[in-house]
Amino acid sequence: MSRASSRALKHPPVTAPSEPAGAPSDFPVDFPELGVAIDRARRRGRGAQTNASGRFEAEARVAFDDGWQSLEELPPFKTTVGIDTSRKVITRNESPDIGFDRSINPYRGCEHGCVYCFARPTHAYLGLSPGLDFESKLFVKPEAPALLEKELAAPGYEPRMIAIGTNTDPYQPIERERKIMRGILEVLERAGHPVGIVTKSALVTRDIDILARMAKRNLAKVGISVTSLDPKLARTMEPRASTPPKRLEALKQLSEAGIPTTVMVAPVIPALNDSEIERILDAAAHAGVKEASYVLLRLPLEVRDLFREWLMANYPDRYRHVFTLIRDMRGGRDYDAKWGERMKGTGPMAWTIGRRFEIACDRLGLNKRRSKLTTDHFAKPKRNGDQLSLF
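Worth saying up front: this structure is predicted, and the values here are computed from it rather than measured.

Novice: Pulling in residues and values, what's your account of the environment of Pro-231?
Specialist: Mapping Pro-231 onto the fold places it in helix α8 (residues 231–237). Between the C-alpha atom of Pro-231 and that of Thr-243, which follows or precedes it by 12 residues, the distance is 6.8 Å.

Novice: Lay out the sheet that holds strand β6 (residues 107–108) in plain terms, naming residues and giving numbers.
Specialist: Read across the open sheet, the three strands follow the order β3-β7-β6; overall the sheet is mixed. With one partner strand each, in any of the chains shown, β3 (80–83) and β6 form the two edges of the open sheet. Inspection of the sheet shows β6 paired to strand β7 (residues 137–140) by two bridges, in the antiparallel sense. Counterpart to Arg-108 in the pairing with β7 is Phe-139.

Novice: Give a description of the packing of aromatic side chains that names residues and reports values.
Specialist: One pair of aromatic rings is described through two measures. These are the centre distance and the angle between the planes. A full pass over the atoms with the stated rule returns seven aromatic pairs. Between the aromatic rings of Tyr-157 and Phe-378, the centroid separation amounts to 5.8 Å while the plane-to-plane angle is 55 degrees, which identifies the pairing as tilted. Here Tyr-157 is found in the loop between α4 (144–152) and β8 (162–164), whereas its partner Phe-378 is found in the segment after α13 (348–364), with 221 residues between them in sequence. By relative accessible area, Tyr-157 is classed as buried at 6%. Seen in terms of ring centroids, Tyr-294 and Phe-357 are 4.9 Å apart; in terms of plane orientation they differ by 50 degrees. Their pairing is tilted. Note that Tyr-294 is positioned in strand β12 (residues 291–296) and Phe-357 in helix α13, a separation of 63 residues in sequence. In this structure, Tyr-294 and Phe-357 share a single accessibility class: buried. By way of ring pairs, the aromatic residues Phe-307, Trp-310, Tyr-315, Tyr-319 and Phe-323 are connected into one cluster. Here the basic side chain of Arg-55 rests over the ring of Tyr-125, its NZ or CZ set 5.3 Å away from the ring centre. We note Arg-298 situated over the ring of Phe-118; from NZ or CZ to the ring centre the distance is 4.5 Å.

Novice: So, the packing of helix α6 (residues 180–191) against helix α7 (residues 208–216): which residues are in play, and what are the values?
Specialist: It is at 10 Å that the axes of α6 and α7 come closest, and there the two elements cross at 25 degrees. Looking at the two axes, α6 sits roughly parallel to α7. The handedness of the crossing between α6 and α7 is left-handed. Here α6 contributes Arg-182, Leu-185, Glu-186, Leu-188 and Glu-189 to the contact with α7, which in turn contributes Asp-209, Ile-210, Leu-211, Arg-213 and Met-214. For the contact of α6 with α7, the class distribution of residues is five nonpolar, no polar and five charged.

Novice: Describe empty space enclosed by the protein, listing the residues and the values that go with them.
Specialist: A complete count under the given rule lists two cavities of 30 Å³ or more for this structure. Considering the residues around the second largest cavity, the lining is formed by Pro-270, Leu-296, Leu-297, Ile-326, Met-329 and Arg-330. When grouped by side-chain class, the residues that make up the lining of the second largest cavity number five nonpolar, no polar and one charged.

Novice: Go over the sheet that holds strand β10 (residues 220–225) with me, naming the residues and quoting the values.
Specialist: Two pairing modes exist for strands in a sheet, parallel and antiparallel, and in both the strands are linked by backbone hydrogen bonds. Spatially, seven strands are ordered β4-β5-β8-β9-β10-β11-β12 in an open sheet, and the strand pairing comes out mixed. A single partner strand is all that each edge strand has here, and the edge strands are β4 (90–92) and β12. Between one strand and the next, the sheet's axes are offset by a mean angle of 25 degrees, whatever the strand orientation. Relative to the sheet, helix α10 (residues 277–286) contacts β11 (261–268) and β12, its axis offset from that of β11 by approximately 165 degrees.

Novice: Describe in detail unusual backbone geometry, supporting the description with residues and values.
Specialist: A cis geometry characterises the amide bond from Ala-266 onward to Pro-267, with omega recorded as -5 degrees. Within the secondary structure, Pro-267 is located in strand β11. A positive phi angle, close to 55 degrees, is found at Lys-179, a residue other than glycine. You can see Lys-179 is positioned in the loop between α5 (175–178) and α6.

Novice: Now, about α7: what can you tell me, with residues and values included?
Specialist: Three or more residues of α7 are buried, namely Ile-208, Ile-210, Leu-211, Ala-212, Met-214 and Ala-215. Buried-residue contacts for α7 involve α6, β9 (195–199), β10 and α9 (244–256). Asn-218 sits one or two residues past α7 and shows a positive phi near 60 degrees.

Novice: Describe the packing of α4 against α6, listing the residues and the values that go with them.
Specialist: Two numbers describe how α4 lies on α6: the axes approach to 8 Å, and their chain directions differ by 25 degrees. Comparing their axes, α6 and α4 come out roughly parallel. Where α4 crosses over α6, the two elements pack in a sense that is right-handed. On α6, the residues touching Ala-144, Pro-145, Leu-148, Glu-149 and Leu-152 of α4 are Ile-180, Gly-183, Ile-184, Val-187, Leu-188, Arg-190 and Ala-191. Among the residues making up the contact of α4 with α6, the classes are represented as nine nonpolar, one polar and two charged.

Novice: Now, about the confidence of the model for the protein chain: what can you tell me, with residues and values included?
Specialist: Put simply, the protein chain has an average pLDDT of 88, and 85% of its residues get 70 or more. Per-residue pLDDT stays below 50 along residues 1–35; that stretch engages in 70 contacts with residues further than four places along the chain or on separate chains.

Novice: Just give me the short version of the side chain of Asp-274, but keep the residues and values in it.
Specialist: By the element assignment, Asp-274 lies in the loop between β11 and α10. On the basis of relative accessibility, which here comes to 11%, the residue Asp-274 falls in the buried class. At 2.8 Å, the side chain of Asp-274 forms a polar contact with the backbone nitrogen of Ala-271.

Rules behind the numbers
Residues numbered from 1 in each chain as written. Predicted model: local features only at pLDDT ≥ 70, side-chain atom pairs only at ≥ 80, totals over all residues. Heavy atoms only, no water. Helix = DSSP H or I, 4+ residues; strand = E, 2+ residues; numbered from the N terminus. Pairing = 2+ DSSP bridges. Phe/Tyr/Trp six-rings, centres within 6.5 Å; stacked < 30°, edge-to-face > 60°. Buried < 20%, exposed > 50% of the residue type's maximum accessible area, 1.4 Å probe, protein only. Lys NZ or Arg CZ within 6 Å of the ring centre and 35° of its normal. Axes fitted to C-alpha atoms, helices over the stretch in contact; angles between N-to-C directions. Parallel < 35°, antiparallel > 145°, perpendicular 65-115°, else oblique. Left-handed = near helix turned anticlockwise from the far one by under 90°. Contact = heavy atoms within 4.5 Å. Nonpolar A, V, L, I, M, F, W, Y, C, P; charged D, E, K, R; others polar. 1 Å grid on protein atoms, 1.4 Å probe; cavity = no way out; pocket = protein on both sides within 12 Å on 5 of 7 lines; lining within 4 Å. Points joined across faces, edges and corners; volume = space filled by probe spheres on them. pLDDT = per-residue confidence, 0-100. Polar contact = N/O pair within 3.5 Å; in protein donor to acceptor, adjacent residues only side chain to side chain.

What follows is the structure in structure tokens.
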């Protein structure tokens with residue numbers, strides 16, 4: 001291993017998109033100068049191509065061949081799980097362009113490996129890479145249900161909808177064995193507290209029993225992101241998320257159980273999946289969905305380079321076109337974080353995408369009514385030592 005300038009290694013140069021269309025897409029060949037590139041066999045089943053050091057690290061390490069061919073002996077990336085010992089589980093925000101002020105993330109990192117995930121940069125706060133570390137080094141909050149019950153019972157707590165899945169997916173593969181999300185739902189149901197869930201996983205159907213009971217009291221709604229109906233594109237872009245048919249089936253089961261559901265066409269990536277907007281909405285409407293939303297691709301911080309690397313490795317012939325359109329919708333930049341514009345973009349292309357979405361929703365009868373959750377049923381959980389009521 002060698003050490004060098006952290007600036008040079010954390011933001012390595014990417015080969016300009018001058019290769020002819022159809023050029024070989026093996027990453028080390030396309031990016032010979034990319035010192036943090038990981039061999040394809042080692043990252044099989046992962047979304048990111050690299051594992052560059054986090055932006056807060058003073059030093060960065062890269063693997064290089066010292067002549068002994070020792071790189072061939074490195075093991076594949078395996079998922080490891082650490083414990084998050086946070087003392088609070090509800091996260092607050094004051095963003096004016098989102099519909100909630102509090103959220104819960106049962107896990108840090110996400111094994112789904114979606115290459116475009118805007119949550120990737122948060123792994124840098126842990127001293128880890130937003131690349132492969134984000135999808136292979138996970139942290140679980142085993143005390144989340146107990147911490148949530150404690151926070152809901154606090155004297156000054158005022159109920160409002162809690163959003164879950166807005167950062168990392170609460171139903172990623174690790175939830176099958178950990179069942180942290182189910183424990184959280186059990187707490188929320190007992191307290192009569194509203195919750196909105198966003199996921200890409202069909203595992204959400206496991207909790208239909210709880211969600212259906214909560215939905216009868218206007219306490220729960222679920223949004224499932226369907227990025228593409230193309231199985232190849234979905235597997236390449238979201239390697240460990242549920243397949244598109246599984247997500248549509250999950251929407252159908254949730255709708256049939258009386259749970260308000262939303263299909264989220266997110267993210268919309270110009271020249272890659274934007275042509276599927278109408279087909280996704282049509283498939284979701286046939287599954288019984290009544291509401292829909294969309295979000296334009298966001299490329300904050302390290303996500304830009306990770307997406308660029310992925311695009312060059314998998315769709316080199318579309319690289320120029322995709323980024324030209326992205327910049328047309330972001331004021332000439334790769335990303336604009338301005339509130340009110342970061343989700344939808346600006347300019348003619350962004351307007352066209354929005355109008356197409358609206359027309360398709362009108363044709364399919366989507367968004368005629370918006371489900372509203374209530375806090376009327378909220379009852380603070382009893383704290384240890386509280387005197388029981390006689391009546």
